[in-house]
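Residue-level listing of the chains:
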Amino acid sequence: MKHVLKVYRAERYSPNSEERDRAILDAVGRIMARQGLNVTGTDEDMLTADTPADIIISMARSAEALTALDAIGRRGATVVNSPDGVRACRRSTADRLMRANDLPAAPLRGTDGYWIKRGDEAAQQRDDILFAKNEEEKEQAIAHLKARGISDIVVTAHVNGDLVKFYGVAGTGFFRTFRHSDGDYSKFGDEAVNGRQHSYGFSTADVHAAANRLAELTGTDVYGGDCIIRKDGTFAIIDFNDWPSFAKCRDEAAEAIAEAVTAKARLKTIKR
C-alpha cells in the first residue's frame, strides 16, 4: 500500500489561516484514503530528507522543508506542489515571470499609491505588505523593510477596481473565482484599501488563461491568487500563491487536487 504524507504548513506561513490551510490538506487526504492509500501527516518543521513516503501533498514553504522535499523527490516520490514550484511562487520571482511573459501584472508606476511587499517569502506578518499613499511614504516603507533585513522587495502601483480571488488546479480544468466582499476572511485587512466593490464585468476565461500560464511558468500544480478587475474589464494579477486554503470551494477543490496528485503518482516508480 502506497504511503501518502500530508505536510502541513508552519503556522508562521499561515497568519490567521492555520485551520483553513490544514482543512484543505485534510480534505485531500480523506479522498486519497478512500482510494485505499495509507495517509499520515506531519508538520513541515518535522520533515527531513529521510522521511519515508511514496506520495507527498505538501503546503511547506521553509527553505529547510523544501530542501528535504528535494531529496525525497529524488528518491522517486511524487511531491505536489514541487519544491521548485513553491520557490518560483516567491513574490519577486512570480512578478518577474509575469513581466517577462507579458502577463497582466500591476504597473510599476501610478498616481493612486503604491504597494511595497517583501519579495523573498510569502507574507508572515502585517508589515510584510505595506501601502504607501505617495512617493515619500513609498520610500519610508522600503526603508522599513530594509531595516528589518529584507532586501528582496517588490514595489507596484495601486490598481483601482474590484478584488477577485482565484483558485486553480493545473491539468484538471478546475478554476474558480470569487469577488471579495465585506465580511469575507482577510489575513491583514489590506483589501479595505480598494474600497467598495463595483461588480465590474470580466472574462473568467481570460483570468483562467493568465493564471494557468503563470502556474505553468512557476511549475505549480495547486495555486491561487488575487487580481484586480478594472472598470473596463481588464485586470492585473497582484498575488499568486502555492496551495491556498480554497476556503470557499474546499470540497470540489479537494477532489480536483486528489485527481491531479494520483494522476502524477501513477507515472512514478518508487525506489526502495
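Just above, that's the structure.
Residues numbered from 1 in each chain as written. Predicted model: local features only at pLDDT ≥ 70, side-chain atom pairs only at ≥ 80, totals over all residues. Heavy atoms only, no water.

A. Structural view of the side chain of S62. Structurally, the position occupied by S62 is in the loop between strand 3 (55-58) and helix 2 (63-74). Using a relative accessible area of 2% as the deciding quantity, one classes S62 as buried. With residues near it in sequence (within four places) discarded, S62 still touches R12, Y13 and E44. (Helix = DSSP H or I, 4+ residues; strand = E, 2+ residues; numbered from the N terminus. Buried < 20%, exposed > 50% of the residue type's maximum accessible area, 1.4 Å probe, protein only. Contact = heavy atoms within 4.5 Å.)

B. Just the sheet that holds strand 6 (residues 129-132), in detail. The antiparallel open sheet is built from three strands, whose spatial order is 6-5-7. Edge positions in the sheet fall to strand 6 and strand 7 (153-157), since each has one partner strand and no second. In this sheet, adjacent strand axes meet at a mean angle of 20° when their direction is disregarded. Both strand 5 (residues 114-118) and strand 6 contribute to a ladder of four bridges, which runs antiparallel. Among the inter-strand pairings, Y114 is bridged to a residue of strand 6, identified as A132. This element, helix 4 (residues 91-100), spans strand 5, strand 6 and strand 7 of the sheet and lies at about 50° to strand 7. With respect to the sheet, helix 5 (residues 135-147) is in contact with strand 5, strand 6 and strand 7, its orientation differing from that of strand 5 by roughly 5°. (Pairing = 2+ DSSP bridges. Axes fitted to C-alpha atoms, helices over the stretch in contact; angles between N-to-C directions.)

C. Representation of the nonpolar core in the model. By size, the foremost hydrophobic cluster in this structure holds 28 residues, and its most contacted members are I24, V28, M32, W243, F246 and I257. Element by element, the count of residues in this core is highest for helix 7 (residues 250-265), at eight residues. With sequence-adjacent residues up to four places away left out, I257 is seen in contact with I24, V28, V169, V222, W243 and F246. (Core = buried A, V, L, I, M, F, W, Y, C linked by side-chain atoms within 4.5 Å.)

D. Representation of the pairing of strand 11 (residues 235-242). Within strand 11, six of the eight residues are buried, leaving the element largely enclosed by the surrounding structure. Sheet analysis places strand 10 (residues 222-229) next to strand 11, joined by seven bridges and oriented antiparallel. Of the residues in strand 11, the one forming a bridge with G225 is F240. Connecting strand 10 to the antiparallel partner strand 11 that follows it, the hairpin turn spans five residues, and G233 within it adopts a positive phi of roughly 90°.

E. Molecular detail of the pattern of salt bridges. If you walk through the whole model with that rule in mind, you get 21 salt bridges. Close ionic contact of D127 with R148 constitutes a salt bridge, the shortest N to O distance being 3.2 Å. Here D127 is found in the loop between strand 5 and strand 6, whereas its partner R148 is found in the loop between helix 5 and strand 7, with 21 residues between them in sequence. Look at D127 and you get partly exposed, because its relative accessible area is 21%. Notably, a salt bridge pairs R148 with D128, separated by 2.9 Å at the nearest N-O pair. Of this pair, R148 sits in the loop between helix 5 and strand 7 while D128 sits in the loop between strand 5 and strand 6, placing them 20 residues apart in sequence. What makes R148 partly exposed here is its relative accessible area of 30%. What emerges from the salt-bridge pattern is a single network uniting R118, D120, D127, D128 and R148. (Salt bridge = Lys/Arg side-chain N within 4 Å of Asp/Glu carboxyl O.)

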